[in-house]
Amino acid sequence: MDDLDLLVELHRTTARQGPGGEAETCLAITLSGLSDRQDLKIADIGCGNGAASITLAKTLAAEVTAVDLMPAFLQELDARVMAEGLSGQITSLEAAMDALPFQPSSLDAIWSEGAIYNIGFGAGIRRWRPYLKPGGILAVSDLTWLTKARPAELQEHWAGEYPEVDTAAARIALLEAEGYAPIGYFTLPEHCWLENYYAPLQRRFGAFLEAQANRPAAQAVVAAVQLEISLCRRYSAYVSYGFYLARKLSD
Ligand code: SAH
């Protein structure tokens, strides 16, 4: 197993693979204005094992294509979809988010929670825009500075991990520059990180390390998550995920 496989193995069976929550997905759905529409076609990009896809399918009259690069996450998603009786609404698709197989102007909404950082916010919103119908909705959560200045330790950590991390004002300006009209924004509360995301991961550390015979690469994966948790506990006033809702403007 290489480092990526180890990461996938640690995250595969937890309820979600990034900060977020069902209530927050529902809030974003409300802000999106999609609730009273029918026959929606939605793609959930970087869906992991399907937390948002399942909420979208349960809440909206929508067909959801759940896209991820990792087959192991999609297998978990397929099992959850089956167990929830949502096979008629959710289809999984193995694809890279910078080479999506959708037709131009074919989607009513593109959803992506905690995943756009893999290609960067700017590249993501540019590359995905053509797949949206005019007036289609973009709903993306991404790491966001909550204040103009922050402690050096936090700044250095996230600037190293994700150099594009920025303020909401900068992100919203970028959405406007790239042909979207921003229609909503909120930040994820701390429990979306600590309780919904990190706590289930922490409960897996022991079994994960044991299954990997405590080898250094597995210990490094756990140590990296522990560092993130420690930063989150100390600095949640300065950084969170921002949830951005925007409508595609006509060309
Ligand atoms: N949206 C899910 C998962 C977030 S974790 C949730 O909120 O729980 C980020 C996801 O992006 C992972 O599932 C990872 O496999 C996927 N990913 C990483 N790089 C990708 C790429 N280039 N294309 C598609 N998916 C990718």
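Conventions we followed
- Residues numbered from 1 in each chain as written.
- Predicted model: local features only at pLDDT ≥ 70, side-chain atom pairs only at ≥ 80, totals over all residues.
- Heavy atoms only, no water.
- Near = heavy atom within 4 Å.
- Polar contact = N/O pair within 3.5 Å; in protein donor to acceptor, adjacent residues only side chain to side chain.
- Areas by Shrake-Rupley, 256 points an atom, 1.4 Å probe, with all protein chains shown as cover.
- Nonpolar A, V, L, I, M, F, W, Y, C, P; charged D, E, K, R; others polar.
- Phe/Tyr/Trp six-rings, centres within 6.5 Å; stacked < 30°, edge-to-face > 60°.
- Helix = DSSP H or I, 4+ residues; strand = E, 2+ residues; numbered from the N terminus.
- Buried < 20%, exposed > 50% of the residue type's maximum accessible area, 1.4 Å probe, protein only.
- Lys NZ or Arg CZ within 6 Å of the ring centre and 35° of its normal.

Asker: Would you take a moment to explain the site of the ligand for this structure?
Answerer: By nearness alone, 17 residues border the ligand, and Q17, G46, D68, M97 and E113 come closest of all. Separating an oxygen atom of the ligand from a backbone N or O atom of G48 is a distance of 3.5 Å. Note that a nitrogen atom of the ligand is positioned 2.8 Å from one of the backbone N or O atoms of E113. Calculation on the ligand without its partners gives an accessible area of 570 Å², and the protein chains cover 91% of this total. Broken down by class, the residue content of the shell around the ligand amounts to eight nonpolar, six polar and three charged.

Asker: I tried to follow the packing of aromatic side chains on my own but got confused; where do I start?
Answerer: Given two aromatic rings, their pairing is described by the distance between the two centres and the angle made by the two planes. Per the counting criterion, the structure on display carries ten aromatic pairs. Ring plane angle 70 degrees and centroid distance 6.1 Å describe the contact between Y117 and Y162, whose orientation is recorded as edge-to-face. On the criterion of sequence distance, the pair formed by Y117 in the loop between β4 (107–113) and α5 (121–128) and Y162 in the loop between α6 (152–161) and β6 (166–167) is long-range, its members being 45 residues apart. What makes Y162 buried here is its relative accessible area of 6%. Consider the rings of Y235 and Y238, whose centres lie 6.2 Å apart with planes at 70 degrees: the pair is edge-to-face. On the accessibility criterion, Y235 (14% relative accessible area) is buried. An aromatic cluster is present here, built from W193, Y197, Y198 and Y241 joined pairwise through their rings. The ring of F121 has R171 lying over it, and the distance from NZ or CZ to the ring centre is 4.6 Å.

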